[in-house]
Amino acid sequence: MSPALNASSSTSTASATSLSLRQHPANKSQVDIDSSSVEDMKNKMAPGSRTFFEKSPEGALARSTYLKVFLGGTFMVILMIFTILPIYWGALWKIPTRNLHGWVVDFDGGLIGQTVSQALGSNQGGQSRVTWTVIPAANFPGGPQELSDAVRDEHIWTAVSINPGSSSRLTAALAAPNASYDGSEVITAYGVEARNENAFRSLIRPSLQGTLDAVSRTMAQRIAQNVANSSSLASILATSPQTITSPVYYTIHNLIPYDQPVATASTFVGMLYQLIMGFFVVMIAQGAREASGYHKTLSTKGLIFLRLGSSFFAYFLISLFYCLLNLAFKLDVTRKFGHAGFMVFWMVNYVGMLAVALALESLFTLLTTRGIPFFMLLWIIINLSVSIFPIEVMPSIFRYGYAAPFYNLSKALRTIVFGTKNHVGQSVGILIAWIAISCITLPLIQFLVRRNETRASVPNEESGQGIPNEDSDKTLGHQQAGGVVNEKEKAEVAK
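Overview of the structure. Just so you know, these numbers come straight off a predicted model, no measurement behind them.

The rules behind these values
- Residues numbered from 1 in each chain as written.
- Predicted model: local features only at pLDDT ≥ 70, side-chain atom pairs only at ≥ 80, totals over all residues.
- Heavy atoms only, no water.
- Helix = DSSP H or I, 4+ residues; strand = E, 2+ residues; numbered from the N terminus.
- Buried < 20%, exposed > 50% of the residue type's maximum accessible area, 1.4 Å probe, protein only.
- Contact = heavy atoms within 4.5 Å.
- Areas by Shrake-Rupley, 256 points an atom, 1.4 Å probe, with all protein chains shown as cover.
- Patch = residues over 30% accessible without salt bridge, like charges linked within 9 Å, V, L, I, M, F, W, Y side chains within 5 Å.
- Salt bridge = Lys/Arg side-chain N within 4 Å of Asp/Glu carboxyl O.
- Expected span 1.5 Å × (residues − 1).
- Bend = angle between axes of the 7 residues up to and from the residue.
- Polar contact = N/O pair within 3.5 Å; in protein donor to acceptor, adjacent residues only side chain to side chain.
- Pairing = 2+ DSSP bridges.
- Axes fitted to C-alpha atoms, helices over the stretch in contact; angles between N-to-C directions.
- Parallel < 35°, antiparallel > 145°, perpendicular 65-115°, else oblique.
- Nonpolar A, V, L, I, M, F, W, Y, C, P; charged D, E, K, R; others polar.
- 1 Å grid on protein atoms, 1.4 Å probe; cavity = no way out; pocket = protein on both sides within 12 Å on 5 of 7 lines; lining within 4 Å.
- Points joined across faces, edges and corners; volume = space filled by probe spheres on them.

So, about the overall build of the protein chain. Along its length, the protein chain carries 17 helices and 5 strands. Counting all 495 residues of the protein chain, 38% fall into the buried class. In the protein chain, the share of contacts with a sequence separation of at least 24, taken over all contacts with a separation of at least 6, comes to 79%. Total accessible area on the protein chain is roughly 26600 Å²; 64% of this is exposed by carbon and sulfur atoms.

The grouping of Phe-313, Phe-316, Leu-317, Phe-321, Leu-324, Leu-327, Met-343 and Met-347 at the surface amounts to a nonpolar patch, some 720 Å² of accessible area in total. Among the elements of the structure, helix 13 (300-328) and helix 14 (341-384) are those that each provide at least two residues to the nonpolar patch. No other element matches the 6 residues that helix 13 contributes to the nonpolar patch. Classification of Leu-317 by relative accessible area gives partly exposed; the value is 34%.

Where charged atoms of side chains with opposite charge meet at close range, the side chains can pair. A full pass over the atoms with the stated rule returns 7 salt bridges. The shortest N-O distance in the salt bridge between Glu-193 and Arg-201 comes to 2.8 Å. Given a relative accessible area of 9%, Glu-193 falls into the buried group. You can call Arg-201 partly exposed: its relative accessible area is 38%.

Moving on, we come to helix 7 (residues 197-226). Spanning 30 residues, helix 7 covers 41 Å between terminal C-alpha atoms, matching the ideal 44 Å at 1.5 Å per step. Ile-204 marks the point of greatest bend in helix 7, at about 30°, and the proline Pro-206 comes within the next four residues. The residue sitting at the N-terminus of helix 7 and contributing the capping side-chain oxygen is Asn-196; that oxygen lies 3.2 Å from the backbone nitrogen of Asn-198.

Strand order in this open sheet of 5 strands is 2-1-3-4-5, and the pairing throughout is mixed. Edge positions in the sheet fall to strand 2 (130-135) and strand 5 (250-254), since each has one partner strand and no second. Geometrically, the sheet is characterised by an average inter-axis angle of 20° between neighbouring strands, direction not taken into account. The pairing of strand 1 (residues 100-106) with strand 2 spans 6 bridges and is classified as parallel. If you follow Val-105 over to strand 2, its bridge partner there is Ile-135. Across the face of the sheet, helix 5 (residues 144-152) comes into contact with strand 1, strand 3 (158-162) and strand 4 (187-191) while running at roughly 175° to strand 3.

Next up on the list: helix 15 (residues 405-418). For helix 15, with 14 residues, the first-to-last C-alpha span of 20 Å sits near the 20 Å given by 1.5 Å per residue. For helix 15, the buried fraction is high: 14 of the 14 residues fall into the buried class.

What follows is about the side chain of Ser-387. Position of Ser-387 among the secondary structure elements: in the loop between helix 14 and helix 15. A polar atom in the side chain of Ser-387 sits 2.9 Å from the backbone oxygen of Asn-383. The residues contacting Ser-387, other than those within four sequence positions of it, are Phe-268, Met-271, Phe-406 and Tyr-407.

Next up on the list: the packing of helix 4 (residues 111-121) against helix 6 (residues 166-175). Look at helix 4 against helix 6: their axes get within 6 Å of each other, and the N-to-C directions meet at 120°. The pairing of helix 4 with helix 6 is recorded here as oblique in orientation. Seen from helix 4, the contacting residues are Leu-111, Ile-112 and Gly-113; seen from helix 6, they are Ser-166, Ser-167 and Leu-170. Here the contact of helix 4 with helix 6 is built from residues that sort into 3 nonpolar, 3 polar and no charged.

Quick look at empty space enclosed by the protein now. Enumeration over the complete set of coordinates arrives at 1 cavity of 30 Å³ or more. When its volume is computed, the largest cavity comes out at roughly 30 Å³. The wall of the largest cavity is formed by Asn-196, Glu-197, Asn-198, Thr-267, Phe-268, Ser-387, Ile-388, Ser-410 and Arg-414. Secondary structure elements with two or more residues in the lining of the largest cavity: helix 7 and helix 15.

On to the packing of helix 2 (residues 57-83) against helix 3 (residues 85-93), then. Relative orientation of the contacting elements helix 2 and helix 3 amounts to 25°, with a least axis distance of 4 Å. On the basis of the axis angle, helix 2 is roughly parallel to helix 3. Of helix 3, the residues touching helix 2 (which contributes Met-80, Ile-81, Phe-82 and Thr-83) are Leu-85, Pro-86 and Ile-87. Residues of the contact of helix 2 with helix 3, tallied by class, amount to 6 nonpolar, 1 polar and no charged.

Next comes the structure, spelled out in structure tokens:
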């Protein structure tokens, strides 16, 4: 090797070495600065490093941020009290806004039948919650049994039958005292408690008792005046005094009693629990998507199918175990559909859970974790408000309840549990319509949100292309320095 070449190599090596030595102290000082910055940040964020009333700029910023978020959230809760909760209070405020409807049918055709039907038709009896309509007996060729079937089939809320032969039996008992005479056989009132236990206990039964008690007293006074001077009065009082004291009385026949108290957990409170469980599933699914990164890595179509598939699968299992819980507490679900009752009970609860919970899943993307609790409370209130009393006695604004998920779910469950009129088909159809709405809105909202996120990320990427960072500058500096040394070596070798 020539002396010139050796000299050139030595010069190149010295240049590279000096360049490396010049860069090393700068890199080391930068690392020291970064390390000290991290340590300072840790010290500032350590427990006890700050007080609430600290006067430093950082403390003032933290305090103002906390108060802004906390007081803003508290104001939203107060606003919710005056905007959402009044829906529930309003549903109970003036019950009943309108009376329920009842029928009066005179199957007797005599004095008692005419007197009782006229008294009820004129709505005597004080604060009656039922508006009575007199219906001709010819409309019920099957007699009182056909009338009771009409009440059972929910053609009317309640009905009063003046039973056939009532006047003739009373006349015979007054002429020839009869110890077996029973005035309670004269009038029979019908109602279905399982249709709506609150309406039966608070409106129907008190109205029947108040009205028929007044009619009974009036008839007793009239009969007593008619037989006051009768020669058989002493014999009647000795043999059958009830003929004078209670000649006309009534029997309330509860056609389908609410005889399973545990059913309250299924037909009312349980629906609320289903919605809350749905909220848990929505939050769990969101956490799973974020933990796996699927909320960013999946395509829009894949993300939509994942959300819908996960929801349908989760509620299928949850509704099964929810129904098994009801069986564990001896809820009888075989009265209407026999041994198939449990499967019907399960599928109705499954569809009901999908109807109320998919709405949360659909709007979660739009409202996020901050807004979804407020919507959930609104969703609970507008459903529960129409599930307590019959919609017929509530203000007209609550007519939306005929399409509400809770209202229809409750009607279907009462059919299965108590054997009321079969509303399963109609109610499930409305619930499926709610599911269909959520299955349409969820993809639409997800598509719009994903598109907006994509559009927002493009300008950020474009603005960041021309801004070099510190690491890229260092790498570029090393590459350029190395390139200069290599080029010098190649030139010396070529010489």
